[in-house]
Each structure stands twice: as structure tokens, then as C-alpha cells.
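As a plain string of letters, each chain reads:
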Amino acid sequence: MASTTATQNAIAQHSANYGSIVTHHPKKQKGITNPLSHVPNPVAHYDTTISKPVRKYLGTYGLFPPEPDTYEIQKKRCLAQLRSKQTNIGKFIYLSQLRHANVHLFYRILTDHFTEITPLVYTPVVGEACQRWSEIYMQPEDKGNIANVLKNWPQEHVEITVVTDGSRILGLGDLGINGMGIPIGKLALYTGCAGIRPEGTLPLTIDLGTSNKAFREDPMYLGSRRDKVSPEEEMEFLDELMVALKDRWPDIVIQFEDWKNPFPSLQRYRNDYAMFNDDIQGTGAVIMGGMIGAVQQSGVAAKDHRAVFLGAGSAGVGVAQQIVDYFVHEGMTEDDAKKCFWLVDSKGLVTLDRGDKLADHKVYFARDDNNGQQFKSLDEVVDFVKPTIIMGLSTIGGAFTPEILQKMAKLNNRPIIFPLSNPVSKSECTFEEAIVNTDGRCLFASGSPFYPYEYKGKTYHPGQGNNMYVFPGIGLGTILCKAIKVTSGMIYASGEALPTMITEEEKERALLYAEITRIRDVSARVAVYVIRAAQKDNVDRLHSLRDMTDEQLEEWVIEKMYDPHKAIEDIEDELDSLAKDLAHTRSLSQDKKQLKL
Ligand SMILES: NC(=O)C1=CN([C@@H]2O[C@H](COP(=O)(O)OP(=O)(O)OC[C@H]3O[C@@H](n4cnc5c(N)ncnc54)[C@H](O)[C@@H]3O)[C@@H](O)[C@H]2O)C=CC1
Ligand SMILES: CC(=O)C(=O)O
Ligand SMILES: [Mg+2]
């Protein structure tokens, strides 16, 4: 772990109180007046690609090595530095520092190397960073004063925020304000994958106390030491926050992320704000998108599938609900579609007669056809149901044991195995385990990335069923068409867009999702689908988009996306022309002096 001192140089630290908002401020630019001042976190003045005339203009000439680099060399150096870090957390910190120091360079490298960098700024490494966040970063303010806190945020044009209270970070439990890594990581993907301008993003963590006793007793922990507030207090706080956000940025899109029980807030705000819950809805859409291909490749009709879900929380119920919608789309009645699902939580199969009071969100899927029998373990449920699909959203790493995977292989020609919990340590099985125990026949997607795996002379490619395939496009589409809310139709459309992006070559490799390297194109397509659905639901406000063909709309969306390569070129052009103007002015005054005018 790098020392705190080193990281504090890049990252500011502040104190914590109960009921406070933790904001992640971009570094304010000081010093030289320059044409980059409108960019919150511009190309560093010491960027090694800056030309000599521009260095003279900026007043940095001679302060760093003289010969300007090309971007290729600069990138090579950055990647070498990144790869020289011994630990993943070291790489995470290096990338955080790079983002603070030179935002466009960070995003250029991210977009050029999605496969390598995404796991370092998002799952799985962001999970480790959150567990150790007190060592890294912090920045809270007080409750009861939210509008004023938001006024302190330096950006005038925030377009999207990701907000968490840290109470269920990935599958790592309640991490309190250390959960801040998640809003930052998700928003980095908003910029990298969907081209939302970096300065248009606002990562937000609300300090509502934590149930994490170890953190409360840890002197390094910078959040409030009180226990998690009651659901009523949480709602009061959120009511104030939602109003304050909309007051300051009337068009803001609000993404709720990693809350322990997010159903009440989704219910409460979905009709009045452009908001959605990523864990319920984004995950639902992305898994539905992968399931469309999986059902086709399984050779089993939708109506004949039987899905066992390990995990009946926000993601489990969200995914099951979204696949019900898809099955209904395929011609089933809702009642028949619902009967294709068996949800299992920490107490076993969710049934109406289990004897405990079920949380509201579980009731819809609770079984009533268990003849009074209760099933405690996943193994028992698999024997009872004989599933075609097993889905893991339980946070229990390794829960899909070799025995269970072998049973799935025995029951099905192409078993659908989706261990979706994050990070990798919580994945219900690894890709290797799934391949080996199903003799390479499974249709697979996991929440965190796995490497391709070679088995019996053939290379198998895992799918990544992670909401990162849809949330950037949901946000982008909502922002661009100025939707007043995010409807169920928009969420459904985001998932439907995904299979349209899989190439023939990817289909041959049995991929359920497009390669991550094409994530920007995927996000643009998702945005188009989202916009069309918003138009259908009459919640869009930019009506001129209605007249465009789909091709025109997609082109327009891509044009609107922030492109770090283009951004840096624009800035270079701007600086070059200013430097030339300056040189010209200087030579004019020189001429005037010589002519004694
Ligand atoms: N792949 C993706 O895009 C996403 C993955 N996830 C992952 O899904 C997991 C769950 O997230 P949420 O549903 O939001 O959490 P949650 O806390 O709402 O739900 C967890 C569920 O797992 C159940 N569970 C816990 N221990 C269990 C056990 N021993 N046996 C059976 N069930 C058990 C709980 O009863 C609960 O129903 C997390 O690991 C998260 O990272 C969440 C959202 C998106
Ligand atoms: C991916 C995600 O949103 C989660 O694991 O919570
Ligand atoms: Mg999440």
C-alpha cells in the first residue's frame, strides 16, 4: 500500500460528521491565467506533449524536459509506470493521481485500453480500494444544510450524479463512507464509456452512519461513528437531497447505487425525478440483454426455462423482474413467466409459508407450490427445481460448487450459469470452474471480469454481465433527450439494445455481450434505444430528435459524446493559435520598436 502522504498529495482530506455529504472535488486550478481555465481539471501545464511555443505562452518553458512527446510515447510511459506497480491498489492510486493531474490523458488511456484499465478503476479493484478507503480519500459536509453544501461544488453544469450511502458496496457489505470509490468508479465509466464530460459528473456519498463495527472502531475511519440511521431518517435526508440537487441542477440525472435496501427510494422518487436505481434496474436490463442470447443459444424456449436465483435482494429481484418482462414480450402471460423463477435467500427457498415475514420486494416471487416443503440449501433447491438457469446475486463466493455445476451439466445440454456477485472474490464460481464442471457446455456471464480459458484445446470466452454495459447509455440517453424521468420502458430498451451490438464473429464465439473494447459504441446504441423509449413514453423534452432516423440519431449521439482524444486536440489547437497570436503580437511590437514608431 502506498503511504498516505503520497496519496494525500493527489487527494484532499476532510473531517466527517453524521448526516453529511461527501463530495469529491476536482482540483481547483490556480496560478497562470490561461485559456484552459474553463476546464475544471485541464491538461496539466507540465503535460509532456505541449509544444515549445505553448510552453512559452503558459510560462512553463524550461521547467521540464524540453523535447515534446507524442501521445504514443506519453501513453507508453504511463502504461509502463502503471504496470510497474506491484499491487492492484498501487495501480488504482496511480490512475487516481493521473486523473487528477491530467484528466484527458487519463481518459485517453482508459478508452484505448478498456480491457486492462476498467478492472482497475471499477470492479474488482475498486472493491479493495473501498475496503481501504480511509487510507486513501475523504471529503464530507453536514446534514440539514444540503443545499449549501451543493452550492460549494465548483461545477455549474453537472449533468449526472451517482449517489450511495455505502451501505452495500459490491458484495462487501456496509463500508460506510469508504464506499466513495463506487460513485467515482461508476462516473469514470460514464465519461470513458458514454462520453459524459468529466466536469459534468458529481460523485456523492452520504454519511448516514454505518453498521460496520470494525470501521466505527477504526481510528483511520473518517466517517461518522454512529450506527446506521433508521429508514425514516434516511428518507428525510434523501427528500432534502433530491430537492437540493434538482434546485441547483434542474436537468440532473440521479443514479442510486449500492444501497442496502433501495426499493423504497426508487418507489418514492421515480415519478418525480430523472432517476434510476442501477442495482435493481441497470442490472435487470443488462442481464436481460445477455439472457436474450443465452435463451437462443440454449435451444430451450423461454417458457420452458426454470431459473434458480441465489440471492433475493435488490439485484436478484431486479433481474428476475426484468426477465419476466422479457418472457412476457416473448408471448407468455405474466403469471406463467413469474412461475419460471425460484428465489433463494439466506434462509432458503423463498416461499409464502416459510414462517418468517418476507421483505416486501420478495413477496411477488415467493412460491406457493412447494407443498409445505421448505428447502434450505441451494443444492436441495437445484434437486427440487431441476433448473436450466442458475443466477448468483448472493455475495457468496464459491456458492456454485463443482457438484452443483455438474448437476447443471447433467440436467442441460447448454446450462446457463451466471455468477454475478462482485468483486471476483464474491463470484459464485469462476469461469474455469464453470467450464471444467460443465465440460465447456455452459453459457456463462459473470459480474466481474475473468480471463478467457483454454480447455481441451479450445479457448472459451467469458461474458461480463455487469451493469456497466447499460448504465452509461441509460444516463447518456436520458441527458440528451432531456427526459423528465426514467421509465420502465427506457430501462427495458437499454437491455434490448445489447444483443444488437454483438457481431457475427462474437456470436460464433458464443459471446453473450459485445467485447468491452467496443463499449463506447454499445453505450451510444443503448442511448439511442433509451431515447426512442423516452419518446414513446412521452417523457422526452428535446422533441427535435423525434424527426431523426435511427441512423441520424446514433450519429448525433456519438457526436455529442466527449472524446478525450478530440478534447486534447481541440485544446492543443486553441493553445497553438493563442501562442501564435502572442508571437505575432510580440514580433509586431519588436518591428514597431525597430522602426521607432
Ligand atoms: N453483475 C452486476 O452488474 C451486479 C452485481 N451485483 C452483485 O450482486 C450481489 C448482491 O447485490 P444486492 O442484491 O444489491 O444485495 P442485497 O444485499 O440486496 O441482496 C443479497 C441477497 O443475497 C442473499 N444471501 C446472503 N447470504 C446468502 C446465503 N448464504 N445463501 C443464499 N442467499 C444469501 C440475501 O438474503 C439477499 O437476498 C453483490 O455481490 C453485488 O456486487 C449487484 C448489482 C449489479
Ligand atoms: C456492479 C454493481 O453495481 C454492483 O456490484 O453493485
Ligand atoms: Mg452496484
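Just so we're clear, the structure is a prediction, and the values are computed from it rather than from any experiment.

How each quantity is defined
Residues numbered from 1 in each chain as written. Chains lettered and ligands numbered in written order. Predicted model: local features only at pLDDT ≥ 70, side-chain atom pairs only at ≥ 80, totals over all residues. Heavy atoms only, no water. UniProt positions renumbered as here; feature names shortened; annotations may be inferred. 1 Å grid on protein atoms, 1.4 Å probe; cavity = no way out; pocket = protein on both sides within 12 Å on 5 of 7 lines; lining within 4 Å. Helix = DSSP H or I, 4+ residues; strand = E, 2+ residues; numbered from the N terminus. Buried < 20%, exposed > 50% of the residue type's maximum accessible area, 1.4 Å probe, protein only. Contact = heavy atoms within 4.5 Å. Polar contact = N/O pair within 3.5 Å; in protein donor to acceptor, adjacent residues only side chain to side chain. Near = heavy atom within 4 Å. Areas by Shrake-Rupley, 256 points an atom, 1.4 Å probe, with all protein chains shown as cover. Sits in = over half its atoms within 2 Å of the grid points. Expected span 1.5 Å × (residues − 1). Core = buried A, V, L, I, M, F, W, Y, C linked by side-chain atoms within 4.5 Å. Phe/Tyr/Trp six-rings, centres within 6.5 Å; stacked < 30°, edge-to-face > 60°. Lys NZ or Arg CZ within 6 Å of the ring centre and 35° of its normal. Donors = N, O, S within 2.8 Å, 3.2 Å for Na, K, Ca; no water. Pairing = 2+ DSSP bridges.

A.B. asks: What's the story with the UniProt feature "active site" (unreviewed entry) in the protein in this structure? I'm lost.
C.D. replies: UniProt records the feature "active site" (unreviewed entry) for Tyr-122 and Lys-186 in the present numbering. Spanning 65 residues, the named residues form one tight spatial group whose C-alpha atoms are at most 7.0 Å apart. As for the annotated residues, the ones lining the largest pocket are Tyr-122 and Lys-186. One can find Tyr-122 in the loop between helix H6 (114-121) and helix H7 (125-131). Tyr-122 gets classed as buried once you look at its relative accessible area, which sits at 2%. Tyr-122 has contacts with Lys-186, Leu-189, Asn-466, Asn-467, Met-468 and Phe-471, leaving out every residue within four places of it along the chain. Among the secondary structure elements, Lys-186 is positioned in helix H9 (residues 181-194). By relative accessible area, Lys-186 is classed as buried at 3%. Residues contacting Lys-186, with those up to four places away along its chain left out, are Tyr-122, Val-162, Gln-255, Glu-257, Asp-278, Asn-467 and Phe-471. Within polar-contact distance, the side chain of Lys-186 engages the side chain of Tyr-122 at 2.7 Å.

A.B. asks: Quick question: what am I supposed to make of the site of ligand 1 here?
C.D. replies: Arg-168, Lys-260, Ala-312, Ser-314 and Ala-315 are the nearest of the 25 residues found near ligand 1. At 2.7 Å from an oxygen atom of ligand 1 is found a side-chain nitrogen or oxygen belonging to Arg-168. Here Ser-346 contributes a backbone N or O atom positioned 3.2 Å from an oxygen atom of ligand 1. Relative to its unbound accessible area of 850 Å², ligand 1 is 86% covered by the protein chains. Using a 2 Å cut-off from the grid points, one finds that ligand 1 occupies the largest pocket. Among the secondary structure elements, those contributing two or more residues to the shell around ligand 1 are helix H13 (278-298) and helix H14 (314-329).

A.B. asks: What should I look at first to understand helix H4 (residues 88-101) in this one?
C.D. replies: Each α-helix winds once per 3.6 residues, and so residues spaced three or four apart point in a common direction. The first and last C-alpha atoms of H4 sit 20 Å apart over 14 residues, in line with the 20 Å expected at 1.5 Å per residue. For H4, a buried count of 11 out of 14 residues is recorded, marking the element as mostly surrounded by other parts of the structure. Residues of H4 that are buried: Ile-89, Gly-90, Lys-91, Phe-92, Ile-93, Tyr-94, Leu-95, Ser-96, Leu-98, Arg-99 and His-100.

A.B. asks: Just to check I follow, could you spell out the nonpolar core for this structure?
C.D. replies: Side chains of nonpolar character tend, in soluble globular proteins, to be buried together. In this structure, Ile-323, Phe-327, Phe-341, Met-391, Phe-418 and Val-557 are the most contacted members of the largest nonpolar core, which totals 150 residues. For this core, the leading source of residues is helix H23 (residues 519-536), giving 10 residues. Apart from the residues within four sequence positions on either side, Met-391 is in contact with Ile-287, Met-291, Val-308, Phe-309, Leu-310, Val-319, Ile-323, Phe-400, Phe-418 and Leu-420. Among the nonpolar cores identified, the runner-up in size contains 26 residues, and Leu-349, Ile-390, Met-408 and Phe-431 belong to it.

A.B. asks: Mind showing me how you'd approach the packing of aromatic side chains here?
C.D. replies: The way to describe two aromatic rings as a pair is by their centre distance and the angle between their planes. Following the criterion strictly, the structure yields 17 aromatic pairs and no others. Between Tyr-107 and Tyr-562 the ring centres are 6.1 Å apart and the planes differ by 85°, which places this aromatic pair in the edge-to-face class. Placement of Tyr-107 in helix H5 (residues 103-112) and of Tyr-562 in the loop between helix H24 (550-560) and helix H25 (564-594) is noted, with a sequence separation of 455 residues between them. For the pair shown, Tyr-107 and Tyr-562 are each scored as buried. For the ring pair Phe-327 and Phe-341, a centre distance of 6.0 Å and an interplane angle of 35° mean the geometry is tilted. Of this pair, Phe-327 sits in helix H14 while Phe-341 is found in strand S7 (residues 341-345), placing the two residues 14 residues apart along the sequence. The structure contains a cluster of three or more aromatic residues connected by ring pairs, namely Phe-309, Tyr-326, Phe-327, Phe-341, Tyr-364 and Phe-365. In this arrangement the basic side chain of Arg-99 is found over the ring face of Phe-106, its NZ or CZ atom lying 5.5 Å from the centre. When the ring centre of Tyr-273 is taken as origin, the NZ or CZ atom of Lys-246, which lies over that ring, is 5.2 Å away.

A.B. asks: How should the coordination of the magnesium ion (ligand 3) be read in this particular structure?
C.D. replies: Each donor-metal-donor angle would ideally measure 109.5 degrees in four-coordinate tetrahedral geometry, or 90 or 180 degrees in six-coordinate octahedral geometry. Looking at the magnesium ion (ligand 3), the protein donor atoms are Glu-257 (OE), Asp-258 (OD) and Asp-279 (OD), and they sit 2.0 to 2.1 Å from it. The motif formed by the donor residues of the magnesium ion (ligand 3), counted along the single chain, is E-D-x20-D. With Glu-257 in the loop between strand S4 (253-256) and helix H12 (263-269) and Asp-279 in helix H13, this pair connects stretches of sequence that are 22 residues apart. In terms of burial, Glu-257 and Asp-279 fall into one category: buried.

A.B. asks: Honestly, the environment of Leu-405 in this entry has me stumped. Any pointers?
C.D. replies: Positionally, Leu-405 belongs in helix H18 (residues 402-411). Between the C-alpha atoms of Leu-405 and Asn-437, which are 32 residues apart in sequence, the distance is 5.8 Å.

A.B. asks: I'm lost on the pairing of S7 in this one. Help?
C.D. replies: Both faces of the sheet carry side chains from a regular strand, because those side chains alternate between them. Where burial is concerned, most of S7 is hidden: 5 out of the 5 residues are buried. Here S7 shows a buried face lined by Phe-341, Leu-343 and Asp-345 and a second buried face lined by Trp-342 and Val-344. In the sheet, strand S6 (residues 307-310) pairs with S7 via 4 bridges, with the strands oriented parallel. The residue of S7 that forms the bridge with Leu-310 is Val-344. Pairing geometry for S7 and strand S8 (residues 348-349), over 2 bridges, is antiparallel. Directly across from Asp-345, in S8, lies its bridge partner Gly-348.

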